[in-house]
Amino acid sequence: MEDRYLTIALCKGRVANQTMELLENLGIRCDEIKDKSTRKLIFQDDEHKLRFFLAKGPDVPTYVEYGAADLGVVGSDIIEEEQRRVIELLDLGFGKCRMCVCGPKEAKELLLHREQIRVATKYPVIAKDYFHNKKYQTVDIIKLNGPVELGPIVELSDVIVDIVETGSTLRENGLDVLEEISPISSRLIVNRVSLKMQKERIEKLVEDIKSKNVL
Ligand code: PRP
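In this report, the structure presented in the accompanying data block is examined. Everything numeric in this text was worked out from a predicted model, so none of it was measured.

About the thresholds
- Residues numbered from 1 in each chain as written.
- Predicted model: local features only at pLDDT ≥ 70, side-chain atom pairs only at ≥ 80, totals over all residues.
- Heavy atoms only, no water.
- Pairing = 2+ DSSP bridges.
- Helix = DSSP H or I, 4+ residues; strand = E, 2+ residues; numbered from the N terminus.
- Axes fitted to C-alpha atoms, helices over the stretch in contact; angles between N-to-C directions.
- Near = heavy atom within 4 Å.
- Polar contact = N/O pair within 3.5 Å; in protein donor to acceptor, adjacent residues only side chain to side chain.
- Nonpolar A, V, L, I, M, F, W, Y, C, P; charged D, E, K, R; others polar.
- Buried < 20%, exposed > 50% of the residue type's maximum accessible area, 1.4 Å probe, protein only.
- Arc of directions from axis to C-beta.
- Core = buried A, V, L, I, M, F, W, Y, C linked by side-chain atoms within 4.5 Å.
- Contact = heavy atoms within 4.5 Å.
- Phe/Tyr/Trp six-rings, centres within 6.5 Å; stacked < 30°, edge-to-face > 60°.
- Lys, Arg positive; Asp, Glu negative; His and termini not counted.
- Salt bridge = Lys/Arg side-chain N within 4 Å of Asp/Glu carboxyl O.

Let's talk about the sheet that holds strand β6 (residues 97–103)
An order of β8-β7-β9-β6-β10 is seen for the 5 strands of this open sheet, with the pairing classed as mixed. This sheet does not close on itself; its edge strands, each paired only once, are β8 (139–143) and β10 (176–184). Neighbour-to-neighbour, the strand axes of this sheet turn through a mean angle of 25°, independent of strand direction. Judged from the 5 bridges that link them, β6 and strand β9 (residues 159–164) form a sheet pairing that is antiparallel. The partner of Val 101 across the bridge, within β9, is Val 161.

Focus: the site of the ligand
As a matter of local geometry, the ligand sits amid Lys 122, Glu 149, Asp 162, Ile 163, Val 164, Glu 165, Thr 166, Gly 167, Ser 168 and Thr 169. Within the side chain of Lys 122, a nitrogen or oxygen atom sits 2.6 Å from an oxygen atom of the ligand. One of the backbone N or O atoms of Gly 167 is found 2.7 Å from an oxygen atom in the ligand. Looking at the shell around the ligand, the elements with two or more residues in it are β9 and α7 (168–172). No other element matches β9, which puts 3 residues into the shell around the ligand. Among the residues making up the shell around the ligand, the classes are represented as 2 nonpolar, 4 polar and 4 charged.

Observations concerning helix α5 (residues 124–134)
Burial in α5 covers these residues: Ile 126, Ala 127, Tyr 130 and Phe 131. Buried positions in α5, seen along its axis, are confined to an arc of 115° and lie on one side of it. In the stretch just after α5, Tyr 136 is the one whose phi turns positive, near 50°.

A closer look at unusual backbone geometry
The omega torsion of the bond from Gly 146 to Pro 147 falls at -10°, within 30 degrees of zero and hence cis. The residue Pro 147 is located in the loop between β8 and α6 (150–153) in this model. The phi dihedral of Tyr 136 is positive, around 50°, even though this residue is not glycine. Locating Tyr 136 in the fold gives a position in the loop between α5 and β8. Relative accessible area serves as the criterion here: at 64%, Tyr 136 is assigned to the exposed category. Of note, Glu 155 is a non-glycine position whose phi angle comes to about 60°, a positive value. Among the structural elements, Glu 155 can be located in the loop between α6 and β9. Here Glu 155 falls in the exposed class, since its relative accessible area comes to 65%.

Side note on the nonpolar core
By size, the foremost hydrophobic cluster in this structure holds 40 residues, and its most contacted members are Leu 10, Phe 52 and Ile 209. Contributing elements (two or more residues each) for this core: β1 (6–11), α1 (14–24), β3 (50–55), α2 (60–65), β4 (71–75), α3 (76–82), β11 (186–190) and α9 (199–212). Beyond its immediate sequence surroundings of up to four residues, Ile 209 is in contact with Leu 22, Leu 23, Leu 26, Leu 90, Leu 92 and Leu 188. One finds Met 99, Ile 126, Ala 127 and Ile 184 within the second-largest nonpolar core, a separate group that totals 17 residues.

Examining the packing of aromatic side chains
Taken as a whole and assessed by the stated rule, the structure comprises 2 aromatic pairs. With centroids separated by 4.8 Å and ring planes inclined at 75°, the aromatic side chains of Phe 53 and Tyr 63 adopt a geometry described as edge-to-face. Of this pair, Phe 53 sits in strand β3 while Tyr 63 sits in helix α2; the two residues are 10 residues apart in sequence, bridging distant segments of the chain. Where Tyr 130 meets Phe 131, the ring centres are 5.3 Å apart and the plane angle is 75°; that geometry is what we call edge-to-face. Here Tyr 130 and Phe 131 have matching classes, each one buried.

Focus on the side chain of Glu 81
Take Glu 81: it is sitting in helix α3. Summary of buried charges: Glu 81 has no salt-bridge partner, and the nearest side chain of opposite charge, Lys 143, is 6.9 Å away. Of note is the side chain of Glu 81, whose polar atom sits 2.9 Å from the backbone nitrogen of Val 125. A distance of 3.0 Å separates a polar side-chain atom of Glu 81 from the backbone nitrogen of Ile 126. Setting aside residues up to four positions removed in sequence, Glu 81 forms contacts with Lys 122, Tyr 123, Pro 124, Val 125 and Ile 126.

In structure tokens:
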């Protein structure tokens, strides 16, 4: 039986480009995807029977859970936040950053004394888990769509929970990392059915990535 196409959902932007660079090392090519002027959303490599599409980060685990994509590449922050039924196959080692509690220096006291504070974030599930289950601190969580750094500046919130990569957004807005919640990196995910039905191909892809990727 001829192999069907394997579909891979990629998080639009830098993660998609880093994924394609990694796959190019395996001989998988899809130059069209890197063309910044294209508005196309779906691309394929006919030689390897692979199809790629670009989605917003939080939608990647959704496509994978429902089987619209066999595989996906997305940050561990999004996997944790979205709580979808997907299996994590591999830490790809790129897209590294940290999930942190940030705010003005003075807010450190509010964290130390477990005050009832307001927390602005794009990640309410992660923020709630951290404050309620790990710190046993009662907080009001305010969901924003970004940029959340505005929260403490305009006094919407006392602190934020957000990703910090270089730290320059915080620095330029007079905020600091107050507590670190977890390290983040891009992961390869799969749905249970695809893993079962396409086991050999998926396992070979994982092994090939591992052999080329300096993890
Ligand atoms: C993220 C995050 C911070 C910034 C941190 O936003 O929400 O604002 O990057 O990066 P830095 O530490 O290197 O300054 P992003 O640029 O991804 O935009 P978004 O709000 O659209 O998610």
